[in-house]
Amino acid sequence: MAAAAGDVCGTVTGVRAGAGAAAEARFISSAKGKGLFATKNIRKGETVFVERPVVSSQFLWNALYNYRACDHCLRALETAEENAQRLLGKTSLVLPHPEQCSIRKDLHQQCPRCQVTYCSAECRQAALEQYHQVLCLGPSRDDPTHPLNKLQEAWRNMHYPPETSSIMLMARMVATVKQAKDKEWWIKAFSQFCSKTANEEEEIVHKLLGDKFKGQLELLRLLFTEALYDEHLSRWFTPEGFRSLFALVGTNGQGIGTSSLSQWVHACDALDLPMLQREELDAFIDQLYKDIEKESGEFLNCEGSGLYVLQSCCNHSCIPNAETSFPENNFLLHLTALEDIEAGEEICISYLDCCQRERSRHSRNKILRENYLFTCSCPKCLAQADDADVTSDEEEEGEGETDDAELEDEMTDV
């Protein structure tokens, strides 16, 4: 079920919803909520919109494993060569065509109090104005007894990689309201996102934290309250309100992936080279992917999550006509048409990856029910409604092997 979208979305996210906009949110039904619809004909490959998140945060385990990213926009801070050296554990690696790396270290800035790093003065100022005044640890950055550090450590001990959410996304929501002059405006902005029933909220929390989620959720609430309590948001700190906030982030949080190495690969792909040089470069990149897979596995990008008002209005389809990506190596989300979309047609993305979409209807809906609490009724699922409820051959044969093409897609599709 997609989220609602109100009149604040254009200002909050940086997506203008006025004349000329390619898409708008419309109410569908009480069961599906709202959806995103094309307001004009959109051609395959066209960017439907580019959206800035209301708030975003890097995953805590991701940062702990030295995936260095801007603390505000998640832009990778290491060069493509440094990125590859870290993933390979090989400091002697030299990448060809270093000029194709877009990282500008000369622009990086740190908070003078807590030393968190930003990719630019603009990001440092944006963070300071929105939430960092509340969350800056100052000289207590390495103090394990500081309430914010206690909260982060508790989260790491409950939610292990691969991460799907972050307690710091919730912290930045609270900090944003605490710093804001117009607090009600921001509360309204956050209230636009999809809400769930009490039973659904418990299922989402259970999914994120595991079987001991009730005790863990209460511990997180107490630490969250100690670190961030605010009278204007008192409901968010009650057991019911904190569960709702947790479920809101779990339901609406969009994964963000950034990588200076993938940006370098895209730039190299666009180079106009003689055939022999092109073949040599392609062979080098193919071998690099294989070596990185052996050394680092699948955790290749800097990862985090964010709340996007328009993107959260996109409903799921097993045959999507649009997809999200992060081609600018930061938190700016691009929604791109996968096929021609006519004016008035609903714009749908897939909550499943490419491999999952090829599974049986039964298997696809099992994943969707477990993770998103709904059963799909897209054209593909309706056409397969009479199929037997059997598990896909892929699942029966066992998964876990990633071929070279899939690995390359994962590393570069950001």
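Participant: For this particular structure, what's the right way to read the overall build of the protein?
Facilitator: If you tally the helices and strands in the protein, you get 17 helices and 12 strands. Contacts spanning at least 24 positions in sequence make up 73% of the contacts within the protein whose residues lie at least 6 apart. Of the roughly 20000 Å² of accessible surface on the protein, a fraction of 49% belongs to carbon and sulfur atoms.

Participant: Explain the pairing of strand E11 (residues 333–337) here, please?
Facilitator: Successive residues of a regular strand alternate their side chains across the two faces of the sheet. Within E11, five of the five residues are buried, which leaves it mostly tucked inside the rest of the structure. Across the two faces of E11 the burial is the same, with Leu333, Leu335 and Ala337 and His334 and Thr336 all buried. Note that strand E10 (residues 322–325) and E11 share four bridges and pair antiparallel. If you follow alanine 322 over to E11, its bridge partner there is alanine 337.

Participant: What am I meant to see in the sheet that holds strand E8 (residues 302–307) here?
Facilitator: Where strands meet in a sheet, backbone hydrogen bonds hold them as pairs that are either parallel or antiparallel. The strand order across the open sheet built from three strands is E4-E8-E7, with neighbouring strands paired in antiparallel fashion. The outermost strands of the open sheet, each flanked by one partner alone, are strand E4 (55–58) and strand E7 (254–258). Within this sheet the neighbouring strands show an average axis-to-axis angle of 30°, counted without direction. When E7 meets E8, the two strands line up antiparallel, connected through five bridges.

Participant: Please clarify how the pattern of salt bridges should be interpreted in this entry.
Facilitator: Proximity of charged atoms lets side chains of opposite charge pair with each other. Following the criterion strictly, the structure yields 10 salt bridges and no others. Put simply, aspartate 106 and arginine 104 hold a salt bridge, and the shortest N to O gap is 2.6 Å. Ionic pairing is found between glutamate 153 and arginine 156, a salt bridge with its closest N-O pair at 3.1 Å. One end of the pair, glutamate 153, and the other, arginine 156, are both in helix H5 (residues 147–158), three residues apart, so they sit about a helical turn from each other. Relative accessible area serves as the criterion here: at 36%, glutamate 153 is assigned to the partly exposed category.

Participant: Quick question: what am I supposed to make of unusual backbone geometry here?
Facilitator: Even without glycine at this site, glutamine 115 takes up a positive phi of about 70°. A residue is classified by how much of its surface remains accessible, and glutamine 115, at 36% relative accessible area, is partly exposed. Phi angles above zero are rare outside glycine, and asparagine 329 is one such case at about 60°. Summarising the element assignment, asparagine 329 is placed in the loop between E10 and E11.

Participant: Honestly, helix H3 (residues 80–88) in this entry has me stumped. Any pointers?
Facilitator: For an α-helix, the turn length of 3.6 residues means that residues three or four places apart are oriented alike. Within the sequence span of H3, burial applies to Ala80, Asn83, Ala84, Gln85, Leu87 and Leu88. On its buried side, H3 packs onto helix H11 (260–269) and helix H12 (275–296). One or two steps after H3, the chain reaches glycine 89, where phi turns positive at roughly 65°.

Participant: Got a minute to help me understand the packing of helix H4 (residues 121–135) against helix H6 (residues 167–179) in this structure?
Facilitator: Two numbers describe a pair of packed helices, the interaxial angle and the distance between the axes. Two elements in contact, H4 and H6, have axes separated by 8 Å at closest approach and are oriented at 105°. The angle between H4 and H6 places the two elements in the roughly perpendicular class. On H6, the residues touching Leu128, Glu129, Gln130, Tyr131, His132, Gln133, Val134 and Leu135 of H4 are Met168, Ala171, Arg172, Ala175, Thr176, Lys178 and Gln179. Split by residue class, the contact of H4 with H6 holds seven nonpolar, five polar and three charged.

Participant: Any chance you could explain helix H10 (residues 239–252) here in plain terms?
Facilitator: Over its 14 residues, H10 runs 20 Å from end to end, which matches the ideal 20 Å to within 8%, given 1.5 Å per residue. The buried count for H10 comes to 10 of 14 residues, which makes it a mostly enclosed element.

Participant: Just to check I follow, could you spell out the sheet that holds E10 for this structure?
Facilitator: Read from one edge of the open sheet, three strands run E3-E11-E10, paired in antiparallel fashion. Because the sheet does not close on itself, it has two edges, and the strands there are strand E3 (47–51) and E10. With strand direction ignored, the average angle separating the axes of adjacent strands in the sheet is 15°. Summarising the sheet, E3 and E11 pair through four bridges and their orientation is antiparallel. By the bridge assignment, phenylalanine 49 is partnered in E11 with leucine 335.

About the cut-offs
Residues numbered from 1 in each chain as written. Predicted model: local features only at pLDDT ≥ 70, side-chain atom pairs only at ≥ 80, totals over all residues. Heavy atoms only, no water. Helix = DSSP H or I, 4+ residues; strand = E, 2+ residues; numbered from the N terminus. Contact = heavy atoms within 4.5 Å. Areas by Shrake-Rupley, 256 points an atom, 1.4 Å probe, with all protein chains shown as cover. Buried < 20%, exposed > 50% of the residue type's maximum accessible area, 1.4 Å probe, protein only. Pairing = 2+ DSSP bridges. Axes fitted to C-alpha atoms, helices over the stretch in contact; angles between N-to-C directions. Salt bridge = Lys/Arg side-chain N within 4 Å of Asp/Glu carboxyl O. Parallel < 35°, antiparallel > 145°, perpendicular 65-115°, else oblique. Nonpolar A, V, L, I, M, F, W, Y, C, P; charged D, E, K, R; others polar. Expected span 1.5 Å × (residues − 1).

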